[in-house]
Amino acid sequence: MQSTDLGNKESGKIWHRKPTPATRDGIIVNIIHRTSDYLPKVLRFLNVAFDSSGDRLMAGDHQGNIYVFDLYGNRFNLVQRTAQACTALAFNLRRKSEFLVALADYSIKCFDTVTKELVSWMRGHESSVFSISVHASGRYAITTSSDTAQLWDLDTFQRKRKLNIRQSVDIQKVFFLPLSNTILSCFKDNSIFAWECDTLFCKYQLPAPPESSSIIYKVFAVTRDGRILAAGGKSNHLHLWCLEAKQLFRIIQMPTKVRAIRHLEFLPDSFDAGSNQVLGVLSQDGIIRFINIETCKLLFEIGGLDEGINSSVISPHGRYIACIMENGSLNIYSVQTLTREINKPPPPLVKVIEDLPRSKLSFSDLKMKVMSGRVQRPAKSRENKIQTRILKRDLTDNFENKENELSDGLSRKRLQILLKGYGEYPAKYRMFIWRSLLQLPENHTAFSSLIDKGIHVAFINLQEKYPIKSRKLLRVLQRTLSALAHWSAIFSDTPYLPLLAFPFVKLFQNNQLICFEVAATLIINWCQHWFEYFPNPPINILTMIENVLAFHDEQLLQHFMDHDITSQLYAWPLLETVFSEVLTREEWLKLFDNVFSNHPSFLLMTVVAYNTCSRAPLLNCNLKADFEYFFHHRNNLDINVVIREVYHLMDTTPADIHPEGMLGVFVALTKGQYPVFNQYPKFIVDYQTQERERIRNDELDYLRERLAAVKRELKRKEMHLQDAARRRFLKHQQNQREMELRRLDDEIERKVYMRDQEIATTTKDLEMRQLELESQKRLYEKQYSRNQEAVAKEMREDADAYRRKVNLEEHMFHKLIETDQSQSLKTQKLIEENLATAEQACIDADWRIQTLHKQRCDDLQRNECYQEVANLLQENRRKEVELLNAMMKAETKKWGEAEEKKLHLTSGKKASALSDASRKGFLEQELSDALEHAKNPLKEAAPRIQHEHVPSGCLTGASQLSDISKMDSSSHISLSRRKLEWDTTGQDLIEKVRNLRHRLTVQARNRCQTPHLLAT
């Protein structure tokens, strides 16, 4: 397998050596597109399409690079860069150099591969286009997205029609049927409609699939003749619809490995006349399986689990398969290589074993005897008994497998014995026996080259001379006759060739290769010397027939001569139609079983036997028309009698007049290439060809002269018409200019009049506007004066009200100040009384402390006496007691000092807190509680002061008891200090109250200063 990397090349060769695809995979070449960056990556191919010839294909990657690959010329070219991914391609337009591409922006563009220019740009879809179907004529195209399908005219690139659908049902696919004017639309609810392309009239609707099948159609394929529709989806079942009968006629179940079908496409065959039998099925595992829809057999498959296939396209002539792989590369497969094993002819039915010379026999050589039902093998020596082995037939194997076990050709002698015994070959194996008897080479390549030359000019209008109802049969007949004409030039001028080939065409219409080779073998062997007197009938052959008839039935020949009936009437019609007009199908097949199994002279003897067996009715005919009718229509004649008569004539005819001595033996067609056929008077054929060419040239010359004369006449008429048209055009232009001038004059006058009218109207409007402005000005002045007076009055009233309000506020403020001053005097008196009471309480406390001090002194004296007595009594413990007492005194002293300091600190904090609280309460509630304090100031002030200072004195007195040695002096100092502190605190409070009243008065005066000024 060859691999080609496109890289950044815009053109080049696809392969550098002749491809030789292997039979196992059939790959011609693998094409991959890698970038040449620092980190190269693969550009994945997304879509591929063949042109109508099948030798060129187009592929687009996900970056919008579109390449054309010429498989015949071994070239590739970059034809366009669209800069966006393509979603669908079509390369089979009427203009061969143009192609359609659907892009990711929902648009469709048409480009030219030669000029690489944009031809047209079509818009109209609102979602991604996933399918483009082109009509067989190449004039129309259908583009399909999930929500709509649109029909385009490719001549004007205009949209003709748009398929509107319900929102609940989306489109699966819309496409043209091949070789017809019908559009098939398939929806996601399994409904399928057929429409007429021109009128869009609904021709028919296929019935719904059976309820037992739960398949939802997603992919579709149609045969080339448009008769069978294959549909599949997420299932391993395939539905085959007959579009002519409009019914489902077969359901095919794929292998269990297949769970979903992703793509369907029929494989075209040059010899099946469009009735394709092989269907390619791409499943979810990336494998395409090709099956025969008639026999339901798996023929071959491509792809695999390692190299899965995403999508595929088959060329129109069926030679190539282009597949886009899962890794983004493109594989080209050869169908001929893949089907090489399938198209092999079956091995012959009978195997002939010839005996070796007796001298060459040895112990290692065994002679085989083929018998009915058993095979005998002799022992190594003559003396030993012959051993026999019976071959039992395997009931499970059919006869077709037995055929495959044989390899060489059939034995003509044994077939002749079988034919004489049964009178005909088995219908089931007749075609196979004929192929073996005629030794057909089956030259596929040579026949394909003849078919590729197309329909010969001589048979283009074949239907006019031979009207055939079946179009398929007519096409096969045209192709077969054209192939014969391309093989040898004489057959293009042979008038009876269609009559000669028609029965074989009808018999082998599904295999055109066999049909052609059977006809060619018949012409080479059984039509010997037919063309020596061309274009006249073969006089020599008819003379042989007449000599044989004269020998065996002279009376009948004399009857023919008496009525002027020649061999061209009683023999030639039978030969040129090979008895197809006078025999039924079964009789004709039985006859040609014997013809193909005997010498070529058997056919001439059959003509004689047909006449002799029909002598009774022929002797009764007296008119030439009756003879003509007899030899061109079927007659009441037993074909078995005729065949026995032929064998009798073959055996009893003398050698000097026997056709066997004048005709050669059977010669088969050569393998590989067909032999040259030139057994005809070449000068006559050349002369007729030259005459035809001369007549054609004369006709062409006459047509050219006629065409030139017509062109001259048309040119003259065209010039006259152009001159008249030019004069009419000039006159029309002059009239138009005059009309334009008159129109301009009228327009100018109208505009002048309208301008004057506008000026007058504008003047009046200005005057009216001036009057309105003056009246409005006076009105505004009156309204302004009234508003000014109202505002002045309102301001005076506001000033008076404000003055009254300020006076009331000053009166209330002065009254408040007087109330505060009287309250301050009362409070000062109360404070002085409280101070005197507190001083008296302190004196009382000091007297009680002195009394307690005296009592303590007496106790200390007694303790000293007790200690002296104890010291005398306990002399030994004196030092210990003194030490203990000293330690206790030191501890008591320390605790006393600490308690005194703590009491001093507590009293200072409480005095400061009381001072702060009283000052804060006074300042915050002075204005709100002034009247309440003025009514009952003594009841609240006296208890509060007594509560604040008496405990302080008590605590001070209690704290003085801890120091016994210095109590007297410290109590006097404490009382004098407290009195001094209280005097200082009272004076400070009175001074603060005075300062506060002064500040409040100043602030009130400052607030009232502005209103006074406004009032004045």
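Everything quoted here is computed from the prediction, not taken from an experiment.

Draft legend 1. A look at the overall build of the chain. Each helix and strand in the chain was counted, giving 23 helices and 33 strands. Taking all contacts inside the chain whose residues are at least 6 apart in sequence as the whole, residues at least 24 apart take part in 57%. Accessible area of the chain: about 61,400 Å², with a carbon and sulfur share of 53%.

Draft legend 2. Structural view of a nonpolar patch on the surface. Where nonpolar side chains cluster on the molecular surface, the patch consists of Ile-455, Val-457 and Ile-460 and spans about 280 Å² of accessible area. Locating Ile-455 in the fold gives a position in the loop between α5 (444–452) and α6 (462–465). On the basis of relative accessibility, which here comes to 37%, the residue Ile-455 falls in the partly exposed class.

Draft legend 3. How the structure looks around the packing of helix α15 (residues 602–613) against helix α18 (residues 639–652). Running from amino to carboxyl end, α15 crosses α18 at an angle of 120 degrees, the nearest separation of the two axes being 8 Å. Taken together, the axis directions place α15 and α18 in an arrangement best described as oblique. Relative to α18, α15 is oriented so that their crossing is right-handed. For the pair α15 and α18, contact is made by Phe-602, Met-605, Thr-606, Val-608, Ala-609, Tyr-610, Thr-612 and Cys-613 and by Val-641, Val-642, Glu-645, Val-646, Tyr-647, Leu-649 and Met-650, respectively. Here the residues of the contact of α15 with α18 are counted per class, giving twelve nonpolar, two polar and one charged.

Draft legend 4. Region of the structure containing the nonpolar core. Ranked by size, the top nonpolar core spans 102 residues in total, and within it Trp-487, Leu-575, Phe-579, Trp-588, Phe-592 and Phe-596 carry the most contacts. Residues Phe-45, Tyr-320, Leu-330 and Ile-332 belong to the second largest nonpolar core, which totals 22 residues.

Draft legend 5. Summary view of helix α11 (residues 554–562). Among the residues of α11, those classed as buried are Leu-556, Leu-557, His-559 and Phe-560. For α11, the angular spread of buried residues about the axis comes to 155 degrees, placing them on one side. Of the exposed residues in α11, those oriented more than 90 degrees away from the buried face are Glu-554, Gln-555 and Asp-562. Downstream of α11 by one or two residues, Asp-564 has phi in the positive range, about 60 degrees.

Draft legend 6. Broad picture of the packing of aromatic side chains. Going through the model one piece at a time under the given rule, you end up with 37 aromatic pairs. Linked through ring pairs, Phe-447, Trp-487, Phe-491, Tyr-496, Phe-516, Trp-530, Phe-531, Trp-572, Tyr-674 and Phe-677 together constitute an aromatic cluster. When the ring centre of Tyr-204 is taken as origin, the NZ or CZ atom of Lys-246, which lies over that ring, is 4.8 Å away.

Draft legend 7. Just the sheet that holds strand β25 (residues 278–283), in detail. Ordered in space as β24-β25-β26-β27, the four strands form an open sheet in which the pairing is antiparallel. Across the chains shown, the open sheet's two edge strands, defined by having one partner strand only, are β24 (261–267) and β27 (297–302). Strand-to-strand, the axes of this sheet are offset by a mean angle of 25 degrees, without reference to chain direction.

Draft legend 8. Region of interest: the side chain of Glu-517. Topologically, Glu-517 is positioned in helix α9 (residues 512–525). Of note is the side chain of Glu-517, whose polar atom sits 2.9 Å from the backbone nitrogen of Asn-443. If near-sequence neighbours (up to four positions away) are discounted, Glu-517 is found in contact with Leu-440, Pro-441, Glu-442, Asn-443, Leu-669 and Tyr-674.

Draft legend 9. Quick look at the packing of α5 against helix α7 (residues 471–487). Relative to each other, α5 and α7 sit at 100 degrees, their axes nearing to 9 Å. As summarised for this structure, α5 and α7 are arranged roughly perpendicular, according to the angle between their axes. Where α5 approaches α7, its residues Phe-447, Leu-450 and Ile-451 are matched on the opposing element by Arg-479, Ala-483, His-486 and Trp-487. Looking at the contact of α5 with α7 residue by residue, the class counts come to five nonpolar, one polar and one charged.

Conventions we followed
- Residues numbered from 1 in each chain as written.
- Predicted model: local features only at pLDDT ≥ 70, side-chain atom pairs only at ≥ 80, totals over all residues.
- Heavy atoms only, no water.
- Helix = DSSP H or I, 4+ residues; strand = E, 2+ residues; numbered from the N terminus.
- Contact = heavy atoms within 4.5 Å.
- Areas by Shrake-Rupley, 256 points an atom, 1.4 Å probe, with all protein chains shown as cover.
- Patch = residues over 30% accessible without salt bridge, like charges linked within 9 Å, V, L, I, M, F, W, Y side chains within 5 Å.
- Salt bridge = Lys/Arg side-chain N within 4 Å of Asp/Glu carboxyl O.
- Buried < 20%, exposed > 50% of the residue type's maximum accessible area, 1.4 Å probe, protein only.
- Axes fitted to C-alpha atoms, helices over the stretch in contact; angles between N-to-C directions.
- Parallel < 35°, antiparallel > 145°, perpendicular 65-115°, else oblique.
- Left-handed = near helix turned anticlockwise from the far one by under 90°.
- Nonpolar A, V, L, I, M, F, W, Y, C, P; charged D, E, K, R; others polar.
- Core = buried A, V, L, I, M, F, W, Y, C linked by side-chain atoms within 4.5 Å.
- Arc of directions from axis to C-beta.
- Phe/Tyr/Trp six-rings, centres within 6.5 Å; stacked < 30°, edge-to-face > 60°.
- Lys NZ or Arg CZ within 6 Å of the ring centre and 35° of its normal.
- Pairing = 2+ DSSP bridges.
- Polar contact = N/O pair within 3.5 Å; in protein donor to acceptor, adjacent residues only side chain to side chain.

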